[in-house]
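Reading the structure
Here is how the chains run, residue by residue.
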Amino acid sequence: MKSVIDAGWHHFVKVAELGSVSRAALAADVPQSVVSRHIAQLEGDAGSRLFRRTGRGVVLTELGQQLYPRIKGLIAESESFADEVRASRGVPVGDVRLGLLPSTVPELAGPLYQRVLKQFPQVRLHLTEGSSSQLQEMLDQGRLDLSLLLRDGGEISADEPVLMEGALCLVVASSDPLAGRQEIRFEEVAKLPLVLPGDPHPLRERLALLARKMGLTLRIAAEANSIRLQHEVAASAAGYAITSLSIAPHERNRLVALKIVEPVLARAVVLAVARHRPHTLATREIHGLLLSMAPEVLAGGDAA
């Protein structure tokens with residue numbers, strides 16, 4: 001079933017996104033003349049230009065900027081309706097937007113994509129990598145259908161199945177004197193120069209609250225808003241990171257993770273579902289697939 005939106009408007013959106021008629025034609029696998037003719041026809045019908053030429057391509061005019069979000073929304077709605085009609089025959093079809101935590105990408109992204117291609121060939125899986133707070137925001141905004149998120153102890157809700165449980169660790173350079181240990185008390189951690197996410201951030205808030213309760217003051221040596229950056233700082237011996245046990249295999253010669261104890265800071269990877277997007281047969285099938293395969297895959301990679 002084809003989209004009910006005219007092909008010219010599809011080309012309009014593609015040109016707007018790519019900033020080039022030639023790149024839009026290449027993406028649509030049609031001659032450039034076809035795209036140019038459609039744009040000219042739309043501009044003729046509108047009685048005004050939709051694009052303005054620049055030295056680097058084209059940009060939307062004021063009218064084009066007004067029309068773009070509306071046309072894109074109509075196209076998405078049309079395609080969703082077409083997917084629903086096909087899915088009514090019992091075949092999962094359509095787009096599924098899934099958010100993955102950086103620590104889960106190496107173990108989960110490839111196997112999941114392969115399974116989806118094999119079991120649900122008409123499902124288009126869109127993967128997005130981001131921090132838990134970034135993915136939560138995208139989920140709340142309806143930009144994702146499903147997402148893996150981090151939940152600290154006591155924050156897990158009944159409608160968010162746990163895929164893996166773990167604990168926060170102190171990540172140190174393999175050359176550091178602490179690298180020979182397996183555990184470290186939080187009281188010791190608070191005295192170390194730490195590299196943490198910048199405020200506001202749930203982990204930063206959790207650690208600060210615990211420190212206050214214990215009469216401690218955290219030493220913040222640096223701020224970095226990604227696990228990769230935090231690990232790089234730790235590997236350089238310029239500070240100590242606090243993350244889940246998520247050291248990638250290629251980093252294990254540079255970094256060591258020590259479990260934080262007294263207290264143990266529990267953390268879980270959960271599967272959350274968007275509350276403001278319609279759930280289709282495709283999203284339900286991918287949800288079920290994640291529940292069946294993710295716990296084993298993540299446990300094998302220590303991705304919590």
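Here goes a summary of the coordinates provided. All values reported here derive from a predicted model rather than from experimental measurement.

1. A word on the nonpolar core
Leu98, Leu108, Leu112, Leu148, Ile286, Leu290 and Leu298 are the most contacted members of the largest nonpolar core, which totals 34 residues. It is helix H10 (residues 281-301) that provides the largest number of residues to this core, a total of seven residues. Each residue touching Leu148, except ones within four places of it in the same chain, is listed here: Leu98, Gly99, Leu100, Leu101, Thr104, Leu108, Leu135, Leu163, Val269, Val270, Leu271 and Leu298. Phe186, Leu203, Leu210 and Leu218 belong to the second-largest nonpolar core, a separate cluster that totals 23 residues.

2. Section: the pairing of strand E6 (residues 162-173)
Within a regular strand, the side chains alternate between the two sheet faces. In terms of residue burial, E6 counts as a mostly covered element, since nine of its 12 residues are buried. With five bridges connecting them, E6 and strand E12 (residues 266-273) associate as antiparallel partners. When the bridges of E12 are listed, Val162 appears paired with Val270. With four bridges joining them, E6 and strand E10 (residues 240-244) adopt antiparallel strand pairing.

3. Some points on the packing of helix H1 (residues 7-18) against helix H2 (residues 21-28)
One way to put it is that H1 packs onto H2 with a least axis distance of 8 Å and a crossing angle of 120 degrees. Considering their axes alone, H1 and H2 lie oblique with respect to each other. Judged by the sense of rotation from one axis to the other, the crossing of H1 with H2 is right-handed. Residues His11, Lys14, Val15 and Leu18 of H1 form the contact with H2, whose participating residues are Val21, Arg23, Ala24, Ala27 and Ala28.

4. Remarks on unusual backbone geometry
Cis geometry is found at the peptide bond from Glu262 to Pro263, where omega equals 5 degrees. As for its position among the elements, Pro263 is in the loop between strand E11 (255-261) and E12. You will see that Asp29, though not glycine, has its phi angle at about 60 degrees, which is positive. Its place among the elements puts Asp29 in the loop between H2 and helix H3 (32-46). A positive phi angle, close to 50 degrees, is found at Glu262, a residue other than glycine. Along the chain, Glu262 turns up in the loop between E11 and E12.

Definitions and cut-offs
- Residues numbered from 1 in each chain as written.
- Predicted model: local features only at pLDDT ≥ 70, side-chain atom pairs only at ≥ 80, totals over all residues.
- Heavy atoms only, no water.
- Core = buried A, V, L, I, M, F, W, Y, C linked by side-chain atoms within 4.5 Å.
- Buried < 20%, exposed > 50% of the residue type's maximum accessible area, 1.4 Å probe, protein only.
- Helix = DSSP H or I, 4+ residues; strand = E, 2+ residues; numbered from the N terminus.
- Contact = heavy atoms within 4.5 Å.
- Pairing = 2+ DSSP bridges.
- Axes fitted to C-alpha atoms, helices over the stretch in contact; angles between N-to-C directions.
- Parallel < 35°, antiparallel > 145°, perpendicular 65-115°, else oblique.
- Left-handed = near helix turned anticlockwise from the far one by under 90°.

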